[in-house]
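The lines below spell out each chain.
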Amino acid sequence: MGIILETKEVCKYYQTNGNVVKAVDRIDLQIQQGEFVTIIGKSGSGKSTLLHLLGGLDNPTSGEVRLNGKNIAGYSQEQLAVIRRREIGFIFQAYNLVPSLNVWENIVLPLGLDGRKVDEAYIRDIIATLGMEDRTKSLPNMLSGGQQQRCAIARAIAAKPSIVLADEPTGNLDSKTGDEVMSLLKLSAKKYGQTLVVITHNEEIAQMADRMIAIEDGKVVK
């Protein structure tokens, strides 16, 4: 299958009140194409910072982040924006849907921003996979939390990214809805051949993955 995402000695350090905070400290990771990996750790362990580095939302202080063999660590914001639109789908705890757009418009929004044609059959297939066929004209405020997160999942995979990165995707959901959302996320990643990396502090969700990586104080502990 091959390695799709890799870090080499990657670090992210911050200065606060004269102290150096090592949010991510010399992490080496390898993630295979098509793999489902969970990154688990307590609040403040560095897991979200690591996800931001993997997704090109932030540049590391030092080290390498390799996406499909290319080191994106030194890329400009413009170069990273293109990679994020085309290669990576993001899912956040807060859904980040546009309130004035309906479900369909929210899902296809990234394609429009990238000037790409909408593959309607593919989008309808995603919507059917996620059980949202009867909600395509609904605005976000008419949806439950679980439905909003399903819409966010659909938007993340609409551009056919090779990697989906999810940061606490069930954080705002009750446990039953959270389990449903995770099952759908896993199903869609498998169906569309995507690599899935999920940040969580929930042990049960972490166990759903092919592999679990634990982080403590910016370092991988297992």
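Everything that follows concerns the structure shown earlier in this document.
Keep in mind it's a predicted model, so treat the numbers as computed, not measured. (Residues numbered from 1 in each chain as written. Predicted model: local features only at pLDDT ≥ 70, side-chain atom pairs only at ≥ 80, totals over all residues. Heavy atoms only, no water.)

Here the focus is the pattern of salt bridges. Per the stated rule, a full pass over the model turns up 14 salt bridges. For Lys-219, the salt bridge identified is with Asp-25, shortest N-O distance 2.9 Å. Of the two residues, Lys-219 is situated in strand β10 (residues 219-220) and Asp-25 in strand β2 (residues 19-32); the sequence distance between them amounts to 194 residues. With a shortest N-O distance of 3.5 Å, Asp-114 and Arg-116 are connected by a salt bridge. Using a relative accessible area of 33% as the deciding quantity, one classes Arg-116 as partly exposed. Via salt bridges that share partners, Arg-85, Arg-86, Asp-114 and Arg-116 belong to a single interconnected network. (Salt bridge = Lys/Arg side-chain N within 4 Å of Asp/Glu carboxyl O. Helix = DSSP H or I, 4+ residues; strand = E, 2+ residues; numbered from the N terminus. Buried < 20%, exposed > 50% of the residue type's maximum accessible area, 1.4 Å probe, protein only.)

For the rest of this paragraph, the subject is the packing of helix α5 (residues 145-158) against helix α6 (residues 175-191). Helix-helix packing is described using two parameters, namely the angle between the two axes and the distance between the axes. Across the interface, α5 lies against α6 with an axial gap of 10 Å and an inter-helix angle of 15 degrees. In terms of orientation, α5 lies roughly parallel with respect to α6. In terms of crossing hand, the pair formed by α5 and α6 is right-handed. Across the interface between the two elements, Gly-146, Gln-149, Arg-150, Ile-153 and Ile-157 of α5 pack against Thr-177, Glu-180, Val-181, Leu-184, Leu-185 and Ser-188 of α6. Tallied by class, the residues present in the contact of α5 with α6 amount to five nonpolar, four polar and two charged. (Axes fitted to C-alpha atoms, helices over the stretch in contact; angles between N-to-C directions. Parallel < 35°, antiparallel > 145°, perpendicular 65-115°, else oblique. Left-handed = near helix turned anticlockwise from the far one by under 90°. Contact = heavy atoms within 4.5 Å. Nonpolar A, V, L, I, M, F, W, Y, C, P; charged D, E, K, R; others polar.)

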